[in-house]
Amino acid sequence: MTHEDSRQGDRSREQSATDPSQTGFSPTLDWEETFQRNVWDYLGEVGETPRYAVVAGYIHKLLPRGRILDVGCGEGVLLDYLDPERIDYSGFDISPTAVTRARRINVDAKITVGSMDDFKPAENETYEIIVFNESLQSVRQPIETLRRFFGFLTPSGHIIISLFHNRNPESVGALCTRSFKAEIQAGRVNVIAASEVLNCESGLKWTIYCLGRPRTIETFDG
Ligand SMILES: C[S@@+](CC[C@H](N)C(=O)[O-])C[C@H]1O[C@@H](n2cnc3c(N)ncnc32)[C@H](O)[C@@H]1O
């Protein structure tokens, strides 16, 4: 992939939050179509390392050994950054093409096709860490989704979320970030760490949040 192709990927990322066909309010076909067109190939490039490295760093620091769930795992790029001796990885994604490619990275990992709108862990499985790596913005109700996934955590578990700084304030990404920040302000989200990642070349930024269980459990568990 050329430098210009990567830039096109960056543009896709910004457009993806404004174009209704790419917001994640869209049916499976739209995400599937972007994977078939290889729009997200650039996520495997070296320039994307900082975001994945921070997410992976939090996972390894918080979890000497255990089970994680990667929600909207895409092509499983995060797997490249995780120690398979320590991390028992499961992931799912709405795009069958992405899941097929992710399975090639690690044939032992449990990676399935599914939607976060109706995902339920098999046999009441729980996870030490649940990751939303640039995927929470894709659902119509990100805060409701977050609340539901807290129910799939072990009692001492954590949720890690990466949120891209979309420069379009009307984008679903920006809306998701605003809703999430309102939860923090209201004390309904327990942020135990947060980092900002900057791509100095493109000026693109992400914030990566590490959440513990909410202090006011009743707010999240009903
Ligand atoms: C920007 S990509 C990020 C992929 C991956 N997390 C990464 O960082 O490499 C967003 C991902 O969310 C997935 N996605 C969108 N809506 C989804 C849904 N409702 N349920 C599950 N996955 C979804 C897309 O198919 C896509 O793989």
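Residues numbered from 1 in each chain as written. Predicted model: local features only at pLDDT ≥ 70, side-chain atom pairs only at ≥ 80, totals over all residues.

### Thoughts on the site of the ligand
- With respect to spatial proximity, 19 residues lie near the ligand, and among them Trp31, Gly72, Gly74, Ser135 and Ser138 are the closest.
- In the shell around the ligand, the residues fall into 8 nonpolar, 8 polar and 3 charged. (Near = placed C-beta within 6 Å. Nonpolar A, V, L, I, M, F, W, Y, C, P; charged D, E, K, R; others polar.)

### Observations regarding unusual backbone geometry
- Unusually for a residue other than glycine, Glu123 sits at a positive phi of about 45°.
- Looking at the element boundaries, Glu123 is found in the loop between strand E3 (110-113) and strand E4 (127-133).
- One non-glycine residue, Asn124, lies in positive phi territory at about 55°.
- Examined against the element boundaries, Asn124 turns out to sit in the loop between E3 and E4. (Helix = DSSP H or I, 4+ residues; strand = E, 2+ residues; numbered from the N terminus.)

### Describing helix H4 (residues 96-105)
- Listed in full, the buried residues belonging to H4 are Ala98, Val99, Arg101 and Ala102. Angular distribution of buried residues about the axis of H4 spans 165°; they occupy a single face of the element. (Buried ≥ 20, exposed ≤ 12 C-beta atoms within 10 Å, placed from the backbone. Arc of directions from axis to C-beta.)

### What to know about helix H5 (residues 142-150)
- Of the positions making up H5, those classed as buried are Pro142, Leu146 and Phe149. Relative to the axis of H5, the buried residues are bounded by an arc of 65° and lie together on one face.

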